[in-house]
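Commentary on secondary and tertiary structure
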Amino acid sequence: MKVRAAVAFEAAKPLEIAEVDLEGPREGEVLVEIKATGICHTDEFTLSGADPEGLFPAVLGHEGAGVVAEVGPGVKSLKTGDHVIPLYTPECRECPSCLSRKTNLCTAIRATQGQGVMPDGTSRFSLDGRKLHHYMGTSTFANYTVLPEIALAKIREDAPFDKVCYIGCGVTTGIGAVVNTAKVEPGAKCVVFGLGGIGLNVIQGLRLVGADMIIGVDINPAKREWGERFGMTHFVNPDEVDGDLVAHLVNMTKTPADQIGGADYTFDCTGNVAVMRQALEACHRGWGQSIIIGVAPAGAEISTRPFQLVTGRVWKGTAFGGARGRTDVPRIVDWYMEGKIEIDPMITHTMGLERINEGFELMNQGKSIRSVVVY
Ligand code: NAD
Ligand code: AHE
Ligand code: ZN
C-alpha cells in the first residue's frame, strides 16, 4: 500500500514528505494506522548523525499512537480496531531479560531493530524499489507502519491519540525514571538537569511520589516557569551561578543537621556528558543516586573520579523509564485519563506531517516542550 511518510534520506538534512510503499504484516506482525506522533530529542539525535546506530534512508519516529488496521498470521493479543501505542522497548514476556524481572530491556528483537529491519531481517518500507529502514522498531513518522505484536501496548479507546502518543516515550521515560529506576521515596531531595520534554516529566514524577525538594537546572531561563508549573521547587541557571555549579547545588541541599549536603537523586535529561558528571557529583555522599536518561553522541564518554563511587554515589541509567511497555503503558494511560498526571500543557505545538521540520526547529530553538504531528 501507499503511505505518507517523512523520510530521513541523509543525516543533518530536513525530512522529506513522500508517498512510500509499505508491505502488509507478516507472521507475528501488525499494521497500525498512526494517528499522532510526538517529536522527541532522540529523533533529532539520530537525524543529526550523532547516533552510532543511525541508518539512512529511514522513517524515524518512536512516540506514536494509533489503531490496528490489520493483523498478520499468528497474532493473538490484538485485533483490527484495537487502540495501541508502539513500543521501542518491546515486552515479549519470554526472553531471559523479560523473565529475569530485573530489567525492561527485552532482547527478543533488539538485534534486528538496531539494524533497521523487522525480526525476519527485511524492511516493510520502500521507495521506488529502494529499501527504507525502520527506526527503533516503530517508524511513527508515517501514517501507517508495521510492528511486531510484542511491540504494541493495547490501550483504552477513549484516550485521545494526540495526547497519549507522548506516553510512547517522554512521559513514560520521565515518570518511569523516578518510579521504576530510582524508586524515589517521599521527602527526597532531587535535582533534574535539563527541563525539556523528558525533564518536566521527571519533575511531575517527583511531585507524584512526594519529593520535598525538586531543583531544576537549565541553561534556558524560560524553563523556570515550565518547571514550576509541574512541581519544581527551586530553579538554577548554570550561567547565573557564581562559582562551581556542583558546590552550589550541594549547598542548596544542606541543613543544620546535615552539613555534608548533596541530593538523594539526580537525573540527567540533557545527553551532555559534562552535565552527567555534574549530576553524579551533586549526589549525597554515601547514598546519592544519579540516573542517566540523556543519550550522548557517538564517541562521547562519561568520567568522574572513582572516589565519587567509592564514597557511595551510584551511577545508573534508564531506557524507557524502566517500563515494561505492554504491562505499564496502559496503566500510565489510565493515570492520564484519571487526572493523576498531566500531559496536555506540555504539548505546546500540534501540526500536520507537512510541517514536521518546524517541530524539529522549535525543539532545537528551545521554543517547544513537545510538538505532536497529527495525521
Ligand atoms: P529537549 O530538547 O526537549 O530538552 C533538553 C533540555 O536540556 C533543554 O531544556 C535544554 O535547554 C537543556 N539543556 C541543554 N544543555 C544543558 C546544560 N548544559 N545544562 C542544563 N540544561 C541543558 O530534549 P528531551 O526530549 O527532553 O530529551 C532529553 C534527553 O533525553 C535527550 O538526550 C534524549 O535523546 C534523551 N531521551 C532518553 C530516553 C531514554 O529512554 N533514556 C528517552 C527519551 C529521551
Ligand atoms: N542508539 C544509541 C542510543 C539511543 C538510546 O539510548 N535509546 C534509548 C531510548 S531513547 C528514546 O528517546 C534506549 O531505549 N536505549 C536502549 C536500547 O536498547 O536501544 C546509541 O548510542 O547507540
Ligand atoms: Zn524518545
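These numbers come from a predicted model, not from an experiment. (Residues numbered from 1 in each chain as written. Chains lettered and ligands numbered in written order. Predicted model: local features only at pLDDT ≥ 70, side-chain atom pairs only at ≥ 80, totals over all residues. Heavy atoms only, no water.)

**Comments concerning the domain arrangement of the chain**
Looking at the chain, the domain boundaries give domain 1 (2-168 + 343-374) and domain 2 (174-318). Computed over C-alpha atoms, the centres of domain 1 and domain 2 are 29 Å apart. Tallying the contact residues gives 11 residues for domain 1 and 16 residues for domain 2. Buried area between domain 1 and domain 2, summed over both chains or domains, comes out near 1000 Å², and the portion from carbon and sulfur atoms is 70%. Interface area lost by domain 1 to domain 2 is led by Pro 345, Met 346 and Ile 369, which between them contribute 48%. At the junction of domain 1 and domain 2, the tally comes to 0 salt bridges. (Domains from an automatic or database assignment. Contact = heavy atoms within 4.5 Å. Buried area = accessible area lost by both parts, 1.4 Å probe. Salt bridge = Lys/Arg side-chain N within 4 Å of Asp/Glu carboxyl O.)

**Quick word on the site of ligand 1**
Near ligand 1 lie 29 residues; those nearest to it are His 41, Thr 42, Ile 198, Asp 218 and Lys 223. One of the backbone nitrogen or oxygen atoms of Ile 198 is found 2.8 Å away from an oxygen atom of ligand 1. A distance of 2.7 Å separates an oxygen atom of ligand 1 from a polar atom in the side chain of Lys 223. Taken together, the residues of the shell around ligand 1 break down into 14 nonpolar, 12 polar and 3 charged. When residues are assigned to domains, the shell around ligand 1 turns out to be shared by domain 1 (2-168 + 343-374) and domain 2 (174-318), each giving three or more. (Near = heavy atom within 4 Å. Polar contact = N/O pair within 3.5 Å; in protein donor to acceptor, adjacent residues only side chain to side chain. Nonpolar A, V, L, I, M, F, W, Y, C, P; charged D, E, K, R; others polar.)

**Comments concerning the coordination of the zinc ion (ligand 3)**
Listed as protein donors to the zinc ion (ligand 3) are Cys 40 (SG), His 62 (NE2) and Cys 169 (SG); their distances from the metal cover 2.1 to 2.3 Å. What the 4 donor atoms of the zinc ion (ligand 3) show is an angle range of 98 to 126° at the metal, which sorts the shape as tetrahedral. Sequence spacing of the donor residues for the zinc ion (ligand 3), all on one chain, is C-x21-H-x106-C. One end of the pair, Cys 40, is in the loop between β3 (29-38) and α1 (41-47); the other, His 62, is in the loop between β4 (58-59) and β5 (63-71), with 22 residues separating them in the sequence. Exposure remark for Cys 40: the relative accessible area of 3% places this residue in the buried category. (Donors = N, O, S within 2.8 Å, 3.2 Å for Na, K, Ca; no water. Tetrahedral: all angles 85-135°; square planar, octahedral: opposite > 155°, others 65-115°. Helix = DSSP H or I, 4+ residues; strand = E, 2+ residues; numbered from the N terminus. Buried < 20%, exposed > 50% of the residue type's maximum accessible area, 1.4 Å probe, protein only.)

**Focus on the sheet that holds strand β16 (residues 314-317)**
Pairing is parallel across the open sheet formed by 6 strands, whose spatial order is β13-β12-β11-β14-β15-β16. With one partner strand each, in any of the chains shown, β13 (234-236) and β16 form the two edges of the open sheet. In this sheet, neighbouring strand axes are inclined to one another by 20° on average, regardless of whether the strands run parallel or antiparallel. The sheet contact formed by strand β12 (residues 213-217) and β13 spans 3 bridges and is parallel. The residue bridging Gly 216 from the neighbouring strand is Phe 235, located in β13. Contacts from helix α5 (residues 170-182) reach β14 (265-268), β15 (289-292) and β16 within the one sheet, and its direction differs from that of β14 by about 135°. Sheet strands touched by helix α6 (residues 199-209): β11 (189-193), β12 and β14. Its angle to β11, the strand with the most contacts, is close to 165°. (Pairing = 2+ DSSP bridges. Axes fitted to C-alpha atoms, helices over the stretch in contact; angles between N-to-C directions.)

**Remarks on the nonpolar core**
The biggest cluster of nonpolar side chains holds 86 residues, and the ones touching the most others in it are Ile 167, Val 184, Leu 206 and Phe 267. Structurally, this core is a two-domain feature, drawing no fewer than three residues from each of domain 1 (2-168 + 343-374) and domain 2 (174-318). When near neighbours in sequence (up to four residues on either side) are disregarded, Val 184 contacts Val 178, Cys 190, Leu 206, Val 209, Tyr 265 and Phe 267. One finds Val 191, Met 213, Val 217 and Val 236 within the second-largest nonpolar core, a separate group that totals 13 residues. (Core = buried A, V, L, I, M, F, W, Y, C linked by side-chain atoms within 4.5 Å.)

**Focus on the packing of aromatic side chains**
Summed over the entire model, instances satisfying the criterion amount to 3 aromatic pairs. On the numbers, 6.4 Å between centres and 10° between planes, the contact of Trp 226 with Phe 230 is stacked. Residue classification places Phe 230 among the buried residues on the basis of a relative accessible area of 0%. (Phe/Tyr/Trp six-rings, centres within 6.5 Å; stacked < 30°, edge-to-face > 60°.)

**Describing the sheet that holds β4**
Sheet architecture is open: 5 strands sit in the order β4-β1-β2-β7-β8, paired in antiparallel fashion. With partners counted over all chains shown, the strands left at the sheet margins are β4 and β8 (130-131), one partner each. Bridge count between strand β7 (residues 125-127) and β8: 2 bridges; the pairing is antiparallel. In the sheet register, Ser 126 faces β8, and the bridge partner there is Lys 131.

**With respect to the site of ligand 2**
All residues adjacent to ligand 2 are Cys 40, Thr 42, Asp 51, Pro 52, Glu 53, His 62, Tyr 88, Arg 110, Met 136, Cys 169, Val 295 and Ala 319. In the environment of ligand 2, an oxygen atom lies 2.6 Å from a nitrogen or oxygen atom belonging to the side chain of Thr 42. Within the contact set of ligand 2, an oxygen atom lies 3.1 Å away from a side-chain nitrogen or oxygen of His 62. When isolated, ligand 2 has an accessible area of 540 Å², and the protein chains bury 72% of it. (Areas by Shrake-Rupley, 256 points an atom, 1.4 Å probe, with all protein chains shown as cover.)

**Let's talk about helix α8 (residues 245-253)**
Considered for burial, the residues of α8 that qualify are Leu 245, Val 246, Leu 249, Val 250 and Thr 253. Buried residues of α8, seen end-on, are gathered within an arc of 130° and therefore sit on one face of the element. Its buried side turned inward, α8 meets β11, β12, β13 and α9 (273-281). (Arc of directions from axis to C-beta.)

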